[in-house]
Amino acid sequence: MSKIKHFVEQSWLLLVSSFCFGLLIAMASAALSPQIEVNKAAKLNDLTIALLREAKRFVEVDAEIEVKLAGGKKEQVKVYKALSEAGECVGWSFGAGGQGFADKIELVVAVDGAFEKIAGFNVLVCNETPGFGDQIKYSYYRDQFTGAPAERLSLVKGGDSKKIDSEIVAITGATVSSEAVVQIINTFLVQIKDQVKAKGLVGNGK
Amino acid sequence: MANDSDNKAGLYRRALLTGLWRENPTFRLLIGMCPPLAVTTAVKPALTMGISVIFVLVCSNLVTSLMRNLLKSHLRIIMFTLNIATFVTICDLFLRAYAPRMSEILGAYVPLIIVNCIIIFRAEVCASKSGPIVSILDGIGTGSGFTIALCILAGIREVLATGCFFDIRVMPNSFVPWLAMRMPVGAFVTLGLLLGLANVMTMKKES
């Protein structure tokens with residue numbers, strides 16, 4: 001009994017403060033999250049348009065597409081069909097995310113209309129180490145994905161980064177972040193491609 | 001009675017003004033040196049960082065001051081950290097909602113305010129021993145001193161690196177930008193020169 005009394009005496013302020021501060025953060029998060037989501041959606045739109053320049057509008061695919069993540073957890077993914085002014089399919093885009101070195105990395109990935117080549121990726125959220133991991137945002141790294149086959153990619157530590165194939169050259173000093181991006185794209189791209197093709201969504205000309 | 005109010009006014013003035021120069025965290029105490037080196041490539045991000053630090057300092061100083069009589073000495077550091085982390089998280093959420101571009105430019109440096117030693121230093125030295133008004137004024141003064149230092153550094157670097165100040169062109173078209181000023185070397189050189197200047201000014205004032 002005296003042990004419990006001692007524990008409460010010593011830590012009550014910490015426990016009460018933790019509760020109050022947690023409540024304060026929850027309230028701030030609830031108040032600001034809608035605006036953050038709006039900003040995120042606007043950014044997603046801008047980044048996708050930058051990847052698929054012929055696209056004039058994006059239509060959400062009316063099919064349930066699910067991706068199985070590394071831990072066995074399943075995630076519903078929104079896939080968008082990019083349409084030209086004439087209404088032809090010029091590409092596909094989807095959001096993809098996974099654990100990086102410091103925090104979660106969120107990407108927007110675009111592929112061509114036939115789902116054969118990657119049109120590129122842009123970084124939506126990245127809190128990787130400044131000067132190292134955050135180089136995944138730079139064109140030196142990102143350009144390697146543009147035109148690469150839409151299949152399983154592999155990361156190599158050396159090689160010609162200008163050669164466009166399924167081998168991605170890692171960023172020096174940021175192998176974990178480079179690997180994370182390749183893993184995220186592999187996880188989402190292959191599964192989405194299989195499902196989109198299985199559902200007959202590719203090549204139907206609409 | 002008059003003496004008492006004079007003392008209080010003096011105390012408040014000291015709390016507000018000390019951080020601006022005599023105990024300026026960047027130029028005099030050399031603490032919290034990551035942001036001056038990392039986010040001073042332009043004035044806008046430097047100003048955003050400065051205002052964020054002022055907000056966190058004022059809030060954390062106020063809360064620390066209000067709970068100062070309840071703090072147990074062996075738990076005070078964890079309490080300070082908890083307190084600071086809360087306000088940094090709120091500040092980060094606010095920037096992400098209403099200044100997304102700045103939030104993106106500042107990146108991980110906003111969450112890193114949690115480990116900025118200026119804030120924990122003021123909580124330990126001032127807020128845990130003073131009343132709420134003095135603590136708030138101390139937060140405003142120290143935060144403003146830090147913001148001014150960031151803006152001076154950023155102003156010099158932005159002008160020399162781009163020929164612009166606050167995104168407005170101030171140098172003639174013939175000016176060749178010093179690209180080194182955008183890189184870490186520019187931050188170290190500018191900071192070194194400003195610290196030298198601050199030392200010369202202090203020595204002159206003392207003599």
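Everything here concerns the structure above.
As the structure is a computational prediction, the values presented were derived from the model and not from experiment.

Calculation criteria
- Residues numbered from 1 in each chain as written.
- Chains lettered and ligands numbered in written order.
- Predicted model: local features only at pLDDT ≥ 70, side-chain atom pairs only at ≥ 80, totals over all residues.
- Helix = DSSP H or I, 4+ residues; strand = E, 2+ residues; numbered from the N terminus.
- Rg over C-alpha atoms; globule rule 2.2 N^0.38 Å.
- Contact = placed C-beta atoms within 7 Å.
- Buried ≥ 20, exposed ≤ 12 C-beta atoms within 10 Å, placed from the backbone.
- Pairing = 2+ DSSP bridges.
- Axes fitted to C-alpha atoms, helices over the stretch in contact; angles between N-to-C directions.
- Core = buried A, V, L, I, M, F, W, Y, C linked by C-beta atoms within 7 Å.
- Nonpolar A, V, L, I, M, F, W, Y, C, P; charged D, E, K, R; others polar.

A. Structural context of the overall build of chain A. Scanning chain A for helices and strands turns up 3 helices and 9 strands. Ordered by position from N to C terminus, the α and β elements of chain A give α-β-β-β-β-β-β-β-α-β-β-α. In summary, chain A has a C-alpha radius of gyration of 21 Å against a globular reference of 17 Å for 206 residues, an excess of more than 25%. Taking the principal axes of the C-alpha coordinates as reference, chain A spans close to 75 × 40 × 30 Å. In chain A, once contacts between residues fewer than 6 apart in sequence are set aside, the share between residues at least 24 apart is 53%.

B. A look at unusual backbone geometry. Residues and elements named next belong to chain A. Look at Phe115: it is not a glycine, yet its phi comes out positive at around 60°. Relative to the helices and strands, Phe115 is located in the loop between strand E6 (104-112) and strand E7 (118-125). Look at Phe115 and you get buried, because 20 C-beta atoms sit within 10 Å.

C. Structural view of the sheet that holds E7(A). Residues and elements named next belong to chain A. The strand order across the open sheet formed by 5 strands is E1-E4-E5-E6-E7, and the pairing between neighbours is antiparallel. Among the strands making up the open sheet, the edge pair consists of strand E1 (57-60) and E7. Between one strand axis and the next, the sheet turns by 25° as a mean value, whatever way the strands run. Inspection of the sheet shows E1 paired to strand E4 (residues 79-83) by 4 bridges, in the antiparallel sense. When the bridges of E4 are listed, Val59 appears paired with Lys81. Contacts from helix H1 (residues 2-51) reach E1, strand E5 (89-99), E6 and E7 within the one sheet, and its direction differs from that of E7 by about 155°. The strands touched by helix H3 (residues 175-198) within the sheet are E4, E5, E6 and E7, with E5 carrying the most contacts at an inclination of about 135°.

D. Quick peek at the nonpolar core. Residues and elements named next belong to chain B. Counting 43 residues, the largest nonpolar core has Ala46, Val56, Ile84, Phe87, Cys91, Ile119 and Leu150 as its most contacted members. Where this core is concerned, the elements lending two or more residues are helix H3 (43-66), helix H4 (76-98), helix H6 (117-127), helix H7 (132-162) and helix H8 (184-206). For this core, the element with the highest residue contribution is H7, accounting for 10 residues.

E. Broad picture of the interface of chain B and chain A. Contact residues are listed per partner, giving 19 residues for chain B and 17 residues for chain A. Within the side of chain B that touches chain A, the residues separate by chemical class into 14 nonpolar, 3 polar and 2 charged.

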